[in-house]
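# Observations on chain architecture
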Amino acid sequence: MQASEPLPDLLKQTRETRGDEVFYRFANGLTIRTEVMHKADTLRVLPLGTPQGSLMNHLMSFPATARGKRVFEPFAGSGALGFTALAAGAEHVEFLDINPRAVEFQLENGALNGLSGRFTSFEGDIADFAPEHRYELILANPPFVPTPADLEGTITSNGGPEGN
């Protein structure tokens, strides 16, 4: 495959909304639970978007990227990137998110996919996080969108006034 050719869609994603919850199912067998975008809760766990889908499809297309590696997913939310890495053969994933509800979703998504024991979830701010070891792969979709002062987003979607 040449670099200019798009990757085939290996995700084959389906999406089901039940009330405030969204369930994504993927061709590799993963199911990821998130919440709807417009839920009136600053601690909501955001639904998956194009950035996550692109990274997940890349991992599915090139599983050797993650196979056997210790992976870190900061700004993890539901943990979709890290769980895809585990499905591709990662040794262990460590998740980090400032949102305590995201940690709950990671634990539930891990159990839902039979991946408990293969990951660790940390609640905290990336500015204060001190890893105990080096990672071989970092998968991240950080908040990078400027958030207008008059818009209440989520604790995890606020990229600040400059998006950084």
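Residues numbered from 1 in each chain as written. Predicted model: local features only at pLDDT ≥ 70, side-chain atom pairs only at ≥ 80, totals over all residues. Heavy atoms only, no water.

## Observations regarding the packing of helix H1 (residues 50-61) against helix H2 (residues 80-87)
The N-to-C vectors of H1 and H2 enclose an angle of 10 degrees; their axes lie 9 Å apart at closest approach. The angle between H1 and H2 falls in the class roughly parallel. Residues Gln52, Leu55, Met56, Leu59 and Met60 of H1 lie in contact with H2, whose contacting residues are Ala80, Leu81, Thr84 and Ala85. Of the residues in the contact of H1 with H2, the class split is seven nonpolar, two polar and no charged. (Axes fitted to C-alpha atoms, helices over the stretch in contact; angles between N-to-C directions. Helix = DSSP H or I, 4+ residues; strand = E, 2+ residues; numbered from the N terminus. Parallel < 35°, antiparallel > 145°, perpendicular 65-115°, else oblique. Contact = heavy atoms within 4.5 Å. Nonpolar A, V, L, I, M, F, W, Y, C, P; charged D, E, K, R; others polar.)

## Concerning the pattern of salt bridges
This model, assessed by the stated rule, comprises eight salt bridges. Linking arginine 33 and glutamate 21 is a salt bridge whose minimum nitrogen-to-oxygen distance equals 2.8 Å. Residue arginine 33 is found in strand E3 (residues 31-35), and its partner glutamate 21 is found in strand E2 (residues 21-25); the two are separated by twelve residues along the sequence. In this structure, the salt-bridge partner of arginine 33 is glutamate 108, at a minimum N-O distance of 2.0 Å. Taken together, the positions of arginine 33 in strand E3 and glutamate 108 in helix H3 (residues 100-112) put the pair 75 residues apart, joining distant regions of the chain. (Salt bridge = Lys/Arg side-chain N within 4 Å of Asp/Glu carboxyl O.)

## Here's the deal with the pairing of strand E1 (residues 14-18)
Note that E1 and E2 share five bridges and pair antiparallel. What sits directly across from arginine 15, in E2, is tyrosine 24. Linking two consecutive strands that pair antiparallel, namely E1 and E2, is a turn of two residues; a positive phi of about 65 degrees is found at glycine 19 within it. (Pairing = 2+ DSSP bridges.)

## Concerning the packing of aromatic side chains
One pass over the full model with this rule turns up seven aromatic pairs. On the basis of an interplanar angle of 15 degrees and a centroid distance of 4.6 Å, the ring pair of phenylalanine 72 and tyrosine 135 is categorised as stacked. Pair noted here: phenylalanine 72 is in strand E4 (residues 70-74) and tyrosine 135 is in the loop between strand E6 (119-123) and strand E7 (137-138), with a separation of 63 residues, a long-range link. By relative accessible area, which is 6% here, phenylalanine 72 ends up buried. On the basis of relative accessible area, tyrosine 135 is assigned to the buried category, the value being 16%. Following the ring pairs from residue to residue traces out a cluster consisting of Phe72, Phe122, Phe129 and Tyr135. Lying across the ring of phenylalanine 23, arginine 18 places its NZ or CZ 4.2 Å from the centre. (Phe/Tyr/Trp six-rings, centres within 6.5 Å; stacked < 30°, edge-to-face > 60°. Buried < 20%, exposed > 50% of the residue type's maximum accessible area, 1.4 Å probe, protein only. Lys NZ or Arg CZ within 6 Å of the ring centre and 35° of its normal.)

## Observations regarding the sheet that holds strand E5 (residues 92-97)
The strand order across the open sheet formed by four strands is E6-E5-E4-E7, and the pairing between neighbours is parallel. Taken across any chain shown, the strands that pair with only one partner, and hence form the sheet edges, are E6 and E7. Direction of pairing for E4 relative to E7: parallel, over a ladder of two bridges. Across the sheet, residue phenylalanine 72 finds its bridge partner in E7, namely isoleucine 138. Relative to the sheet, H2 contacts E4, E5 and E6, its axis offset from that of E5 by approximately 180 degrees.

## Considering H1
With twelve residues, H1 should cover 16 Å at 1.5 Å per step; its first-to-last C-alpha distance of 16 Å lies within 8% of that length. Among the residues making up H1, those that are buried are Gln52, Gly53, Met56, Asn57, Leu59 and Met60. Down the axis of H1, the sector holding all buried residues measures 160 degrees, keeping them to one side. (Expected span 1.5 Å × (residues − 1). Arc of directions from axis to C-beta.)

## Remarks on the sheet that holds E1
Read across the open sheet, the three strands follow the order E1-E2-E3; overall the sheet is antiparallel. At either end of the open sheet lies a strand with only one pairing partner, and these are E1 and E3. The mean angle between the axes of side-by-side strands here comes to 20 degrees, regardless of whether they run parallel or antiparallel.

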